[in-house]
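Per-entry structural report
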Amino acid sequence: MVPFALSFILALIATFLGSILLTPLVRLLAFQLGAVDQPNARRINKKSMPTAGGLAIFLSFSLVNLLIMPGIVKVTAFGQTYFNYVWPVLLAGGVIILTGLLDDVCELKPSQKMVGILTAAILIWFLTDFRMDNFKIPFGGPFLHFGPMLSFVLTLVWIAAITNAVNLLDGLDGLVSGVSIISLVTMAIVSYFFLPEDNLFLTMLILLLVMAIGGFFPYNYHPAIIFLGDTGALFLGFMISVLSLQGLKNATAVAVITPMIILGVPITDTLMAIIRRRLAGRKISEADRYHLHHRLLSLGLTHRGTVLVIYGITFIFSMISLLLNVSGRIGGVLLLFSLVLGTELFVELLGILGPDRTPLLKTLRFIGNSAYREEVRQKKNFSK
């Protein structure tokens, strides 16, 4: 009899190889369906590029989870078998894939995409226990328990927000794929080592998703021969949002904050975009060229260099999330304060909020100039 660990490793390899083999087929299918990105003023690509690459990730991930994993995992967690644990997630993911595929082929309106996202989120809430049921105010605050209606609303808001945040980040070859791999690996580490419940199913599900993305990644890294498309970007954002909900179920403040830090890059980029557009008096959904990757490119970084810098930023966020799980209360507060301060400085230095919107830098300059003037005044008084 094959040991469980070896069987799971073989399942990971099967997921990776499945994604590698399916991606070229999905590329041909994308051309046949017309799921192709044409170059324009808003696109980075200079030639027609097939999209819908996320379909290969979904198929490889789903086939292994439905056909192989139930035969490997004989134990139960949370009172359910692995098959019962995973099929509702894949069903909801299928709704997201269909929504993204329709958008890649015929370009849906934002409201139509949101209908698909919310439909999938509703399936998650009703068919699984991946919900935002409670919240612990960080560092000594009260524990809040949400009733069914509020839990329902907050779960849908979380899933929709993270799904769209990851989708908005998808602007360069391999960007969302790489950021998702880094974020998911961190989530797997947190789920296995730091969450008190038995999260074996969650950890396995995350690692299988990482391998599915890994098989697709060589085709998507710069210079890409296929894009994730909304099919892939929406699916990855959706899966990350749903899987992170298991951490949000925990009653500790650290478990609540951890997924937010892990997803720091897409969350910050989306939040800054909302603030920037509101300050400019434009619609939140109106596109612009002040996203993180746009600003890095404007500094003269190459396409690949920009992607690698964002990978590095994501890695820093992930390391901070891991440090938070082993820090005391005071250390955690200082860590979060430094993170917020550093992020704001980085945002202002890059001009992500827009031209001349640098409140923190202006404040620091004012303080520095005031201190300099006071020092000059004291020297003059002393010389007299």
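Structure: see above.
In what follows, the accompanying structure is described.

What counts, and at which threshold
Position numbers for residues count from 1 along each chain, tracking the sequence in the order it is written. With the structure being a predicted model, the display of local features is reserved for residues of pLDDT at least 70 and the display and counting of side-chain atom pairs for 80 or more, all residues being used for whole-chain, interface and lining totals. With hydrogens and water stripped out, all remaining heavy atoms of the structure feed into the side-chain values. Secondary structure counts use DSSP, requiring at least four H or I residues in a row for a helix and at least two E residues in a row for a strand, with both numbered from the N terminus. Only protein chains enter the accessibility calculation, which uses a 1.4 Å probe; a residue is then buried when its area is under 20% of its type maximum, exposed when over 50%, and partly exposed in between. What sets the accessible areas is the Shrake-Rupley method with a 1.4 Å probe; for residues, cover comes only from the shown protein chains. The pairing test for Phe, Tyr and Trp rings, Trp by its six-membered ring, is centres within 6.5 Å, and the orientation test on the planes gives stacked under 30 degrees, edge-to-face over 60, and tilted for anything in between. When a carboxyl oxygen of Asp or Glu is within 4 Å of a side-chain nitrogen of Lys or Arg, the pair counts as a salt bridge. The definition of a nonpolar core used throughout is a set of buried Ala, Val, Leu, Ile, Met, Phe, Trp, Tyr and Cys residues joined through side-chain atoms within 4.5 Å. When checking whether two residues touch, look at their non-hydrogen atoms; a contact exists if any pair is within 4.5 Å. Definition of a polar contact: a pair of N or O atoms within 3.5 Å, with one able to donate and the other able to accept a hydrogen when the atoms are protein atoms, and with sequence-neighbouring residues admitted only if both atoms are side-chain atoms.

So, about the overall build of the protein. Of regular secondary structure, the protein possesses 14 helices and four strands. Looking at the protein residue by residue over its 384 residues, the buried ones come to 49%. Here the protein displays about 18,100 Å² of accessible surface, and carbon together with sulfur accounts for 70% of that area.

Let us now look at the packing of aromatic side chains. Overall, the coordinates contain 12 aromatic pairs when judged by the stated rule. Between the aromatic rings of Phe-58 and Phe-235, the centroid separation amounts to 5.4 Å while the plane-to-plane angle is 85 degrees, which identifies the pairing as edge-to-face. Here Phe-235 lies in helix α8 (residues 229-248) and Phe-58 lies in helix α2 (residues 54-72), a separation of 177 residues in the sequence. Comparing Phe-58 with Phe-235 shows no difference in burial state: the two are buried. Measuring from centroid to centroid gives 5.3 Å for Tyr-82 and Phe-201, while their planes differ by 80 degrees, and the two rings are edge-to-face.

Another aspect to go through is the pattern of salt bridges. Two side chains carrying opposite charge are able to pair once their charged atoms lie near each other. Counted according to the given criterion, the structure contains two salt bridges. Here Asp-103 and Lys-113 are joined by a salt bridge, their closest N and O atoms 3.7 Å apart. With a gap of 10 residues between them, Asp-103 in helix α3 (residues 82-106) and Lys-113 in helix α4 (residues 110-127) connect regions that are remote in the sequence. Here the two residues Asp-103 and Lys-113 agree in accessibility, since each one is buried. Connected through shared salt-bridge partners, Asp-103, Lys-113 and Asp-230 make up one network.

On to the nonpolar core. One broad trend across soluble globular proteins is that nonpolar side chains are buried collectively. By size, the foremost hydrophobic cluster in this structure holds 91 residues, and its most contacted members are Met-69, Leu-209, Phe-235 and Leu-243. The leading source of residues in this core is helix α7 (residues 200-220), at 11 residues. With sequence-adjacent residues up to four places away left out, Phe-235 is seen in contact with Ile-57, Phe-58, Phe-61, Gly-93, Ile-96, Ile-97, Leu-209 and Asp-230.

Okay, the environment of Val-115 next. Turning to its location among the elements, Val-115 is positioned in helix α4. On the basis of relative accessibility, which here comes to 53%, the residue Val-115 falls in the exposed class. Along the sequence, Val-115 and Thr-99 sit 16 residues apart, while their C-alpha atoms lie 8.8 Å from each other.

By the element assignment, Thr-186 lies in helix α6 (residues 175-193). Of the polar contacts made by the side chain of Thr-186, one reaches the backbone oxygen of Ile-182; its length is 2.8 Å. Ignoring sequence-local partners within four residues, the contact set of Thr-186 consists of Ile-262, Ser-318, Ser-321 and Leu-322.

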